[in-house]
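Spelled out from the first residue to the last, the chains are:
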Amino acid sequence: METFEKIYNDNYEAMFRVARKMVYDGDVVSDIVQEVFIYFFDKVNRGEKVRYPKSWLYRATYNKCIDYWREKKRFETIDLIEASRIEDEDNDNSAAKAALNLALDRLKPDERFLVVLYSEGLSYKEMAEVTEIKITSVGKTLSRILKKIEIELKCQCDELYN
């Protein structure tokens, strides 16, 4: 088993990027990633085996992001969630980026997560391990999701320019 420090150093940035794409708020993202690594550390210290640490971390990060949104929705309406979107560090608020964010927001959480994993450059095998989708289904599922995004973006463009 790799040392915790090596696993942390090798995976922290990737987990932060994934959480950032799911949650948007930098402070909340930091908390989520910290909680994931603390939980991982505790699990390993209790003697539990984690066969694929990277896959486990991706899945735990996804689950923590979903938990965050569930909790947040208990206290805010959907309109407030949309209005409270935190800007990226580069403050790029282009229409294209807003359209893409809206298209991603309209996906189911598990579909969005698969797109996030794809954007992180994971192989189909890695995506299958993390999402527990059969490896033979990952490509087709991803293709369908990307088609949904494409259709949504076309609809938004039609609305903007008509």
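See the structure above.
The paragraphs below set out a description of the structure included in this document.

What counts, and at which threshold
- Per chain, the residues get numbers from 1 upward, laid out in the order the sequence is written.
- Two thresholds apply to this predicted model, a pLDDT of at least 70 for residue-level local features and 80 or more for giving and counting side-chain atom pairs, whereas whole-chain, interface and lining totals are computed over all residues.
- No hydrogens and no water enter the side-chain calculation; it runs on all heavy atoms of the structure.
- Think of it this way: any DSSP run of H or I at least four residues long counts as a helix, any run of E at least two long counts as a strand, and we number them from the N terminus.
- Between buried and exposed lies partly exposed: a residue is buried under 20% and exposed over 50% of the maximum accessible area for its type, with that area taken using a 1.4 Å probe on protein chains only.
- Contact criterion: two residues are considered in contact whenever any of their non-hydrogen atoms come within 4.5 Å of each other.
- Only the protein chains shown count as cover for residues, and the accessible areas themselves come from Shrake-Rupley with a 1.4 Å probe.
- Only buried Ala, Val, Leu, Ile, Met, Phe, Trp, Tyr and Cys residues count toward a nonpolar core, and they belong to the same one when joined by side-chain atoms within 4.5 Å.
- Between N-to-C directions, angles span 0 to 180 degrees; the directions come from axes that are lines fitted to C-alpha atoms, helices contributing only their stretch in contact.
- Orientation labels follow simple angle bins: below 35 degrees gives roughly parallel, above 145 gives roughly antiparallel, 65 to 115 gives roughly perpendicular, and whatever is left gives oblique.
- By definition, any crossing whose near helix is turned counterclockwise from its far helix by less than a right angle is left-handed, and any crossing with a clockwise turn is right-handed.
- Polar here means any residue other than Ala, Val, Leu, Ile, Met, Phe, Trp, Tyr, Cys and Pro, which are nonpolar, and Asp, Glu, Lys and Arg, which are charged; Gly is therefore polar.

## Some words on the overall build of the chain
Consideration 1: A tally of helices and strands in the chain yields 8 helices and 0 strands.
Consideration 2: Mapped in sequence order, the helices and strands of the chain form the string α-α-α-α-α-α-α-α.
Consideration 3: Burial statistics for the chain: of 162 residues in total, 36% are counted as buried.
Consideration 4: Within the chain, contacts between residues separated by at least 24 positions form 62% of all contacts whose residues are at least 6 apart in sequence.
Consideration 5: On the chain, roughly 10,300 Å² of surface is accessible, and the fraction owed to carbon and sulfur atoms is 52%.

## Some remarks on the side chain of Asn11
Consideration 1: By the element assignment, Asn11 lies in helix α1 (residues 4-23).
Consideration 2: For Asn11, a relative accessible area of 8% gives the class buried.
Consideration 3: Contacts of Asn11, omitting those with residues within four sequence positions, involve Phe37, Lys54 and Leu57.

## Some details on the environment of Ala99
Consideration 1: Relative to the helices and strands, Ala99 is located in helix α5 (residues 95-105).
Consideration 2: Since its relative accessible area comes to 11%, Ala99 is described here as buried.
Consideration 3: When near neighbours in sequence (up to four residues on either side) are disregarded, Ala99 contacts Leu153 and Gln156.

## Digging into the nonpolar core
Consideration 1: Residues Val23, Ile32, Leu57 and Tyr58 are the most contacted members of the largest nonpolar core, which totals 41 residues.
Consideration 2: Sorting the residues of this core by element identifies α1, α2 (26-45), α3 (53-75), α5, α6 (109-119), α7 (124-131) and α8 (135-161) as the ones contributing at least two each.
Consideration 3: Examining the composition of this core, we find that 9 residues originate from one element, α3, more than from any other.
Consideration 4: The contacts of Leu57, once residues within four sequence positions are left out, are Ile7, Asn11, Met15, Val36, Phe37 and Phe40.

## Describing the packing of α1 against α2
Consideration 1: Axis separation between α1 and α2 bottoms out at 9 Å; the angle between their running directions is 140°. As judged from the angle between their axes, α1 and α2 are oblique. As α1 runs across α2, the sense of the crossing is right-handed. Side by side, α1 and α2 meet where Phe4, Ile7, Tyr8, Asn11, Tyr12, Met15, Phe16, Ala19, Arg20 and Val23 of the first sit next to Gly26, Val28, Val29, Ser30, Ile32, Val33, Phe37, Phe40 and Phe41 of the second.
Consideration 2: Grouping the constituent residues of the contact of α1 with α2 by class yields 15 nonpolar, 3 polar and 1 charged.

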